[in-house]
Amino acid sequence: MFTMIPQLAIGIADLAAAFLFMYGLQRMSSPATAPSGIFVAGIGMAAAVLASFLYAFDVSAAAQPHLLVNISLALIALVLGGGAAWWSGKTVAMTAMPQMVALYNGMGGGAAGAIAAVELFGAKAQGSTQLVVTLLGALIGAVSLSGSLIAWAKLDGVITKPLRVKGQQYFNMAVLLVLLAVGGYIVFVTTRGSDPLIAMPSLLAVFFGLALIFGVLMTLPIGGADMPVVISIYNAFTGLAVGLEGFVLQNPALMIAGMVVGAAGMLLTLLMAKAMNRSVANVLFTNFGDAPKQKQSAIKGSLKPVDAGDAGIFMRYAKEVIIVPGYGLAVAQGQQKLYEFVKLLQAAGVVVKFAIHPVAGRMPGQMDVLLAEAGVPYDLIFQLDDINDEFANADVALVIGANDVVNPAARNDKSSPIFGMPILNADKAKKVYVVKRGQGKGYAGIVNALFYGDNCDMVYGDAQAVLVKMIEAVRGLGTAAAA
Amino acid sequence: MDFAISISGFVALYVFMLAAFAGWVIIGHVPAILHTPLMSGSNFVHGIVVVGGIFALLNASTTLEQGIGFFAVLLGAGNAAGGFAVTRRMLAMFQTSGTAAKPHHKKKV
């Protein structure tokens, strides 16, 4: 009787939270409604967190004496964790968003793993089903934690090179098998009620340790440009772990939220892999971009460097310009200057559009966010399928800091490692300018036939510096005409 | 009356299946331009794990459990608060030509 009211309140709050999460995500189907979507989801979260303190009325007898301490600890943890993350989320640079999302995601995975640890070390799981689900959630959560931390380190530049050793995949597989065996053994001795060979707490520690190590090993060999897939997959992992622990705690809000995110992460993972024309397994288990393995078809033609100012003036007198920005633009911090240049072109009556490849950037859709940050209206930004036919009508395609995603070899060279990957047809434009730091190759380590085409000129230099020169040239034109 | 929730094996599978379908369909409608906010937004949604952390911590009876529970709430709260902050920030930046505003970057001093 005494616990009835808190139970009812928690039930209602969690139900509302689950509904608001789904409704909020549903509102993300358009940039116009999306801000209200995250807002209502936030209300759901606040309600669920507040209501969860009502669990205090219904704690187990063993925890009763510690209740006051536990409530204080919970409040401190909420304020510390929430406050620090809130502050970092408010101040982080938009270019650093992928590593931030990886970090928050790892925290979620760690939280799910920690909940499982409380259940396991406290021997609270009842029955073999509960135990198996708890262990599974613990495994996935721990892998997501350590894997996301490695992804964060790679994205943040702490780890700069993929770490690859011969036979690594076999070693990882062995670690996973041992991990599963330890988990199986834990279930076996617990359900049998027999004594394990080593004490249960140590056994659990080994289990968690191996899971964390596996997450590290799995992520270390994966290269930077494959990060969109990695971030998506760990997002799915954390969702799954949260859903499983939701079942263990008998909390349907966690189950639903976790599973929705798990499915969402899986969908994004598949989309990203498709955009690279590779399977998810290929991204995770093969060392891509090491060195060109196949012989390529010979490329005819030569690289033709031009002056940035001349290219800028040429675009000023074009009718339509399509810009293909890549990660190199973000590295050079050139988004603001790019939009400044675009505004000059627009003022001169040039139609300007942006063409975004799905894997431009280090996480799905990162380039869209970076352009939005620079002030580019989203109705100028087009995705691959929507704009690819239009390159043929464009006077100029301006490729900035992108390489593999505009390589026509993906369309017509069967021997190319990227053959079959969907690309932006920049080569179909009447004129192509490629802004590039130097003559280096892209992530796939292959030569780009586009650069050697008759219609293509190269503008060498740092993207931001090049754009400044283009802006100056076009501005100079304006004042000359006025004088 | 008793409002305690009890979900057994098969019911759990039904819940998981329907939630997965719903997630797949809802996310499938999100345009590619919003994939980054979507990812951080769904990241925020699994921050609900903090509720589970609070439950575990309130029911902790040993120092070890308290320690791990504290860790769970700390991380879960970080997941939720951080995910919300970055998602809201990013979504506020998307503008149409009609309302085209100034760039959102901070002015250099």
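Fair warning: this is a prediction, and the values are worked out from it, not measured in the lab.

Asker: What is the right way to look at the overall build of chain A in this model?
Answerer: Helices and strands together make up the secondary structure of chain A, namely 17 helices and 6 strands. Each of the three principal axes of chain A carries a C-alpha extent, and together these read 85 × 50 × 35 Å. Counting every position in chain A, which comprises 483 residues, the buried fraction comes to 56%. Residue pairs in contact within chain A that sit at least 24 positions apart in sequence constitute 78% of those at least 6 positions apart. Element-wise, carbon and sulfur atoms account for 66% of the exposed surface of chain A, whose accessible area totals about 19300 Å².

Asker: Could you clarify how one ought to interpret the pattern of salt bridges in this entry?
Answerer: Opposite charge on two side chains permits pairing when their charged atoms draw close. Residue and element names in this part refer to chain A. Throughout the structure, instances matching the rule amount to 8 salt bridges over all chains. As a salt-bridge pair, K430 and D395 come within 3.6 Å of each other at their nearest N and O atoms. A residue pair is termed long-range when its members are at least 10 positions apart, and K430 in the loop between helix 16 (409–412) and strand 5 (431–436) and D395 in the loop between helix 15 (384–387) and strand 4 (396–400) qualify at 35 residues. Relative accessible area serves as the criterion here: at 51%, K430 is assigned to the exposed category. Between D457 and K431 there is a salt bridge, and its shortest N-O distance comes to 2.8 Å.

Asker: Sorry if this is basic, but what is going on with the interface of chain A and chain B here?
Answerer: Tallying the contact residues gives 111 residues for chain A and 89 residues for chain B. Counting each side, the surface lost to burial between chain A and chain B is near 9000 Å², with a carbon and sulfur contribution of 78%. Along the contact surface separating chain A from chain B lie 0 salt bridges. Joining chain A to chain B, the criterion identifies 19 residue pairs in polar contact (both at pLDDT 80 or more). Of all the secondary-structure elements, those providing two or more residues to the side of chain A that touches chain B are helix 1 (4–26), helix 2 (34–52), helix 3 (67–91), helix 4 (97–121), helix 8 (227–248), helix 9 (252–275), helix 14 (366–373) and strand 3 (381–383) of chain A.

Asker: Would you mind going over the sheet that holds strand 6 (residues 456–460) of chain A with me for this structure?
Answerer: Sheet strands pair via backbone hydrogen bonds, and the direction of the pair is either parallel or antiparallel. All names here are of chain A. Strand order in the open sheet formed by 6 strands is 3-2-1-4-5-6, with parallel pairing between adjacent strands. Edge positions in the sheet fall to strand 3 and strand 6, since each of these pairs with one other strand and no more. With strand direction ignored, the average angle separating the axes of adjacent strands in the sheet is 25°. Two elements, strand 5 and strand 6, share 5 bridges in a ladder whose sense is parallel. Note on strand 6: the bridge partner recorded for V434 is M458. Relative to the sheet, helix 14 contacts strand 1 (320–325), strand 2 (351–356) and strand 3, its axis offset from that of strand 2 by approximately 145°.

Asker: Explain the side chain of E119 of chain A to me, please; I cannot follow it from the model alone.
Answerer: Residues and elements named next belong to chain A. Position of E119 relative to the elements: it lies in helix 4. Residue class for E119 comes out buried when judged on its relative accessible area of 7%. Aside from chain neighbours lying at most four places away, what touches E119 is K124, A125, T134, V248 and L249.

Asker: How do you make sense of helix 3 (residues 49–58) of chain B when you look at a structure like this?
Answerer: Residue pairs spaced three or four apart in an α-helix point in one direction, given the helix's 3.6 residues per turn. Taking burial as the measure, the 10 residues of helix 3 of chain B include 9 buried ones, the bulk of the element. Those residues of helix 3 of chain B not exposed but buried are V49, V50, V51, G52, G53, I54, A56, L57 and L58 of chain B. For helix 3 of chain B, the elements touching its buried residues are helix 2, helix 3, helix 4, helix 8 and helix 9 of chain A together with helix 4 (63–91) of chain B.

Here is what the cut-offs are and how they apply
Residues numbered from 1 in each chain as written. Chains lettered and ligands numbered in written order. Predicted model: local features only at pLDDT ≥ 70, side-chain atom pairs only at ≥ 80, totals over all residues. Heavy atoms only, no water. Helix = DSSP H or I, 4+ residues; strand = E, 2+ residues; numbered from the N terminus. Buried < 20%, exposed > 50% of the residue type's maximum accessible area, 1.4 Å probe, protein only. Contact = heavy atoms within 4.5 Å. Areas by Shrake-Rupley, 256 points an atom, 1.4 Å probe, with all protein chains shown as cover. Salt bridge = Lys/Arg side-chain N within 4 Å of Asp/Glu carboxyl O. Buried area = accessible area lost by both parts, 1.4 Å probe. Polar contact = N/O pair within 3.5 Å; in protein donor to acceptor, adjacent residues only side chain to side chain. Pairing = 2+ DSSP bridges. Axes fitted to C-alpha atoms, helices over the stretch in contact; angles between N-to-C directions.

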